[in-house]
Amino acid sequence: MARSISYVTGSQLLSLKRRPNIAIIDVRDDERSYDGHIAGSLHYASDTFSEKISNLIQEVKGKDTLVFHCALSQVRGPTCARKIVNYLEEMKEDSGIKNIWVLERGFNGWEASGRPVCSCTDIPCKDESA
Ligand SMILES: [Zn+2]
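Residues numbered from 1 in each chain as written. Predicted model: local features only at pLDDT ≥ 70, side-chain atom pairs only at ≥ 80, totals over all residues. Heavy atoms only, no water.

- Looking up the chain in an unreviewed UniProt entry gives the name arsenate reductase (glutathione/glutaredoxin), with the organism given as Juglans regia.
- Quoted verbatim from the Catalytic activity (unreviewed entry) field of the UniProt record, the comment on the chain reads "[glutaredoxin]-dithiol + arsenate + glutathione + H(+) = glutathionyl-S-S-[glutaredoxin] + arsenite + H2O". (UniProt positions renumbered as here; feature names shortened; annotations may be inferred.)

### Re the UniProt feature "domain: Rhodanese" (unreviewed entry) in the chain
Reasoning step 1: UniProt's feature table lists "domain: Rhodanese" (unreviewed entry) at residues 18-119, given in the numbering used throughout.
Reasoning step 2: The distance from the first to the last C-alpha atom of residues 18-119 is 19 Å, and the span holds 37% helix and 17% strand. (Helix = DSSP H or I, 4+ residues; strand = E, 2+ residues; numbered from the N terminus.)

### Looking at the pattern of salt bridges
Reasoning step 1: One pass over the structure, following the stated rule, counts 4 salt bridges.
Reasoning step 2: A salt bridge links Asp-29 to Arg-76; its shortest N-O distance comes to 2.9 Å. Taken together, the positions of Asp-29 in the loop between strand S2 (22-26) and helix H2 (31-35) and Arg-76 in helix H4 (residues 76-90) put the pair 47 residues apart, joining distant regions of the chain.
Reasoning step 3: Its relative accessible area of 17% is what places Asp-29 among the buried residues.
Reasoning step 4: For Arg-76, a relative accessible area of 22% gives the class partly exposed. (Salt bridge = Lys/Arg side-chain N within 4 Å of Asp/Glu carboxyl O. Buried < 20%, exposed > 50% of the residue type's maximum accessible area, 1.4 Å probe, protein only.)

Right, here's the structure in full:
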């Protein structure tokens, strides 16, 4: 089952993110702690991403769409998205994950467009409102 990675814009994501079957995965490293984050996003830092893929698959059980982003979504975001695609292809059982997306322009583009940013320190972020 081949999956390809698609890009999603901030405005598309803003209208889609209320859907319960979508998970946003922030793969920035330390920046998350001082730059804020997209409300409700999960945090899997790129530097330890490979080791935590199986945790991530567990945490997103029931979701069919994963949206990855880093600061600009140029290197870390697409790299981690590619790792997930490879991992899912090797998995024996069906994870139920159908779509792997990367947020265009990353968190910086999201914030620069004035889209809602959460600055809580909860792990995981519990803010579903924005
Ligand atoms: Zn938060």
